[in-house]
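# Reading the structure
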Amino acid sequence: MLQLIADGFVIGSVIALGAIGVTLVYSILRFANFAHGELLTWGAYLAWTALLGFAAVWGPMEPLGPFSFGWTLLASLGVAAIATAALALLVDLLLFRQLRRHGSAITLIMASFGAALVLRNLLQFIFGAVPEYYSREIQVAIRLVPRDVLGGLRITPDQLFVLGLTAVSVVGLHLFLTRTTLGKAMRATSINPQLAQVTGIDVDRVVRATWIIGAVLAAVAGVFSGLTVQLRPQLGLDLLLPLFAAAILGGIGSVYGAVAGGLIVGLAESLSVPIVGAEYRAATAFIVLIAILLIRPTGLFGERP
Amino acid sequence: MTALRVEALEAGYEPGLPIVRGASLSVESNEILAVLGPNGAGKSTLIKAIAGLVPVSAGRVLLHDREITGRAAHRLPHEGLGFVPQTENVFVNLSIDDNLDLAASILKVPKKRRLDKLYALFPDLARQRRLLAGRLSGGQRQMLAVARALVGEPKVLMLDEPSAGLSPKLVGIVFEKLVEVRATGVTIVLVEQNVKAALAIADRAAVLVEGSTRIVGTARELAKDPQVAALYLGHYRGDT
Ligand SMILES: Nc1ncnc2c1ncn2[C@@H]1O[C@H](COP(=O)(O)OP(=O)(O)O)[C@@H](O)[C@H]1O
Ligand SMILES: [Mg+2]
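Residues numbered from 1 in each chain as written. Chains lettered and ligands numbered in written order. Predicted model: local features only at pLDDT ≥ 70, side-chain atom pairs only at ≥ 80, totals over all residues. Heavy atoms only, no water.

Counting its regular elements, chain B contains nine helices and ten strands. Compactness check: chain B gives a C-alpha radius of gyration of 17 Å against a globular reference of 18 Å for 240 residues, within 12% of the reference. Overall, chain B is about 50 × 40 × 35 Å in size when its C-alpha atoms are taken along their principal axes. Total accessible area computed for chain B in this model is approximately 10500 Å², and 50% of it derives from carbon and sulfur atoms. Taking the average location of the 30 positive side-chain charges in chain B and that of its 25 negative ones, the two points are 4 Å from each other. (Helix = DSSP H or I, 4+ residues; strand = E, 2+ residues; numbered from the N terminus. Rg over C-alpha atoms; globule rule 2.2 N^0.38 Å. Areas by Shrake-Rupley, 256 points an atom, 1.4 Å probe, with all protein chains shown as cover. Lys, Arg positive; Asp, Glu negative; His and termini not counted. Charge placed at Lys NZ, Arg CZ, Asp CG, Glu CD.)

Next up on the list: the overall build of chain A. A count of helical and extended segments in chain A gives eleven helices and two strands. Helices (α) and strands (β) of chain A occur, in sequence order from the N terminus, as α-α-α-α-β-β-α-α-α-α-α-α-α. In terms of C-alpha radius of gyration, chain A reaches 19 Å, essentially the compact-globule figure of 19 Å for 305 residues. Across its three principal directions, the C-alpha atoms of chain A cover 60 × 50 × 35 Å.

This part takes up the site of ligand 1. Residue and element names in this part refer to chain B. Surrounding ligand 1, one finds Tyr13, Ile19, Pro38, Asn39, Gly40, Ala41, Gly42, Lys43, Ser44 and Thr45. Taking Tyr13, its side chain carries an N or O atom lying 3.3 Å from a nitrogen atom of ligand 1. In the environment of ligand 1, an oxygen atom lies 3.2 Å from a nitrogen or oxygen atom belonging to the backbone of Ala41. In the complex, the protein chains occlude 57% of the 560 Å² of accessible area that ligand 1 would expose alone. Split by residue class, the shell around ligand 1 holds four nonpolar, five polar and one charged. (Near = heavy atom within 4 Å. Polar contact = N/O pair within 3.5 Å; in protein donor to acceptor, adjacent residues only side chain to side chain. Nonpolar A, V, L, I, M, F, W, Y, C, P; charged D, E, K, R; others polar.)

With that out of the way, let us pick up the packing of aromatic side chains. Residues and elements named next belong to chain A. Under the defined criterion, the tally for this structure stands at 15 aromatic pairs over all chains. Between Trp42 and Phe127, the aromatic rings sit 6.4 Å apart at their centres with planes inclined by 80°, giving edge-to-face as the arrangement. Of this pair, Trp42 sits in helix α2 (residues 36-58) while Phe127 sits in helix α4 (residues 105-127), and the two are 85 residues apart along the sequence. Like Phe127, Trp42 is buried. (Phe/Tyr/Trp six-rings, centres within 6.5 Å; stacked < 30°, edge-to-face > 60°. Buried < 20%, exposed > 50% of the residue type's maximum accessible area, 1.4 Å probe, protein only.)

What follows deals with the packing of α2(A) against α4(A). All names here are of chain A. Relative orientation of the contacting elements α2 and α4 amounts to 25°, with a least axis distance of 10 Å. Classed by the angle they form, the pair α2 and α4 counts as roughly parallel. Helix-helix and strand crossings are classified by hand; for α2 and α4 the assignment is left-handed. Note on element contacts: α4 touches α2 through Ala116, Leu119, Arg120, Leu122, Leu123, Ile126 and Phe127, opposite Glu38, Thr41, Trp42, Tyr45, Trp48 and Thr49. Taken together, the residues of the contact of α2 with α4 break down into nine nonpolar, two polar and two charged. (Axes fitted to C-alpha atoms, helices over the stretch in contact; angles between N-to-C directions. Parallel < 35°, antiparallel > 145°, perpendicular 65-115°, else oblique. Left-handed = near helix turned anticlockwise from the far one by under 90°. Contact = heavy atoms within 4.5 Å.)

Here we come to the side chain of Gln193(B). Residue and element names in this part refer to chain B. Looking at the element boundaries, Gln193 is found in the loop between β8 (187-191) and α7 (195-201). Since its relative accessible area comes to 18%, Gln193 is described here as buried. Reaching out from Gln193, the side chain makes a polar contact with the side chain of Asn39 at a distance of 3.4 Å.

Bringing the interface of chain A and chain B into the picture now. In this assembly, 17 residues from chain A lie in contact with 22 residues from chain B. If you sort the residues of chain A by the area they bury against chain B, Leu195(A), Val198(A) and Thr199(A) come out on top, with a joint share of 34%. The closest approach of N and O atoms between Asp101(B) and Lys184(A), which form a salt bridge, is 3.4 Å. Counting every contact that joins chain A to chain B gives four residue pairs in polar contact (both at pLDDT 80 or more). Mapped onto the side of chain A that touches chain B, the elements with two or more residues apiece are α6 (181-191) and α7 (193-198) of chain A. The element best represented in the side of chain A that touches chain B is α6(A), accounting for six residues. (Buried area = accessible area lost by both parts, 1.4 Å probe. Salt bridge = Lys/Arg side-chain N within 4 Å of Asp/Glu carboxyl O.)

So, on to a nonpolar patch on the surface. Residues and elements named next belong to chain A. Residues Val57, Trp58, Leu64, Trp71 and Leu74 make up a contiguous nonpolar surface patch of roughly 540 Å² in combined accessible area. Every element with two or more residues in the nonpolar patch is listed here: α2 and α3 (71-102). Overall, Val57 belongs to the exposed group, its relative accessible area being 61%. (Patch = residues over 30% accessible without salt bridge, like charges linked within 9 Å, V, L, I, M, F, W, Y side chains within 5 Å.)

Now the structure itself:
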């Protein structure tokens, strides 16, 4: 039981970080971006590429302490975050920006489906379809709770790293949104874009900030997924439903809702494994999503009707 | 000195379908200009075009002799033009303080000094700084909207129907505030359907009909001219 909860939080961290991007893009640009999952995949693979690059220069990665990875993975995560942000800005420049001028919300949604397809196929073309790993080091799991208490709890150092960095990211984002001028400008733009403009807010700048934040968190989430599971070209596609379930569960547009939603969906997936089996756990997100839409369509933190 | 000059402006929402068709007006420094006209005449479109929110297809806008035609909306508050939209003119899920604070951060004005001044001008707002703007009554919300637009110390303040939805008593209070604002050296462009209240505080007025300015004169002249009233300000005759 405890073990399933801990596993759920690890999965939930990945979903939460991805769902923040979905919800931010929705609240500022007013469309559901179905290509967001691909940013996770690209983030994961870009980090893998950087890791190979570092290994070519400095030799194989030396694990840091109890972790399966070394400092080059952290550096690769940084590189991937920057490169994924650049990719998101490029897609916006080439595609969404053009459609924002004239297109409707449905045009943007369809375009995001197209973008997802292109990004996924391009990635598969470049990196191939065989699963990859950042590291093949075996880790010693730490026993936090003995086996006779609620089934016990063991957690790997990598999983602790995922939970810790997720917490840091969420707190950092919170401080950014509440303390900085750009963060406040983002919140204001999401509430009322026209009033934001006449208050002097450069909405284009807010849009760029939105993509950058969404993409950086997507890259982090992608690396987490690669670290705790494996790297696959379908990584983002498989996470798409959980991401949207989390964003909608939290109340689309709400960053804190996305975090809460991500953790809940992660927990639901994990807890459902003993009931429905691991193969069907992906369906859990779908059931959660349907349940929310039926019971409380505005989500936990949703305000707008 | 002319604070704001609009020359033969053409503007609209769709290309080739101008709503504003040849509107011209000028406001002298420290004047209150009322822009009147029947519903659907294009008053809001005109003022939004000046504010950079509606595309301009012809004509010019000059702010203190500097051309600002087609400038991005978010640049104008930095250049001394304040705008109060008719509806949704405050950030409803921010407090009064945060509404003003946000504008001060964006426009990079000395926060404390500016907000103290504005709170002195709007004591009703000062008493409830922490209150969410969405909870304010109509009159107070309008005051906050005006205060927000004043944060950047604009030379020209434009308002779109600040009397809309307010009781006659509140209209009086808000308009008195506008007179106080003008006394601080601000030039005001006041778009209004409430002709009587607007002419009572305006120095001059322009009447917009079908997108173009038809009559321009002093407020006194316009208020006296029964033909103007009958022709263009349909509902003006009955006292409201
Ligand atoms: N956002 C918009 N998109 C398209 N047409 C609009 C929009 N807003 C107003 N209009 C049209 O522009 C015309 C003038 O409207 P408006 O400027 O609001 O007039 P007024 O403020 O004088 O009542 C109307 O015919 C209205 O239908
Ligand atoms: Mg109007």
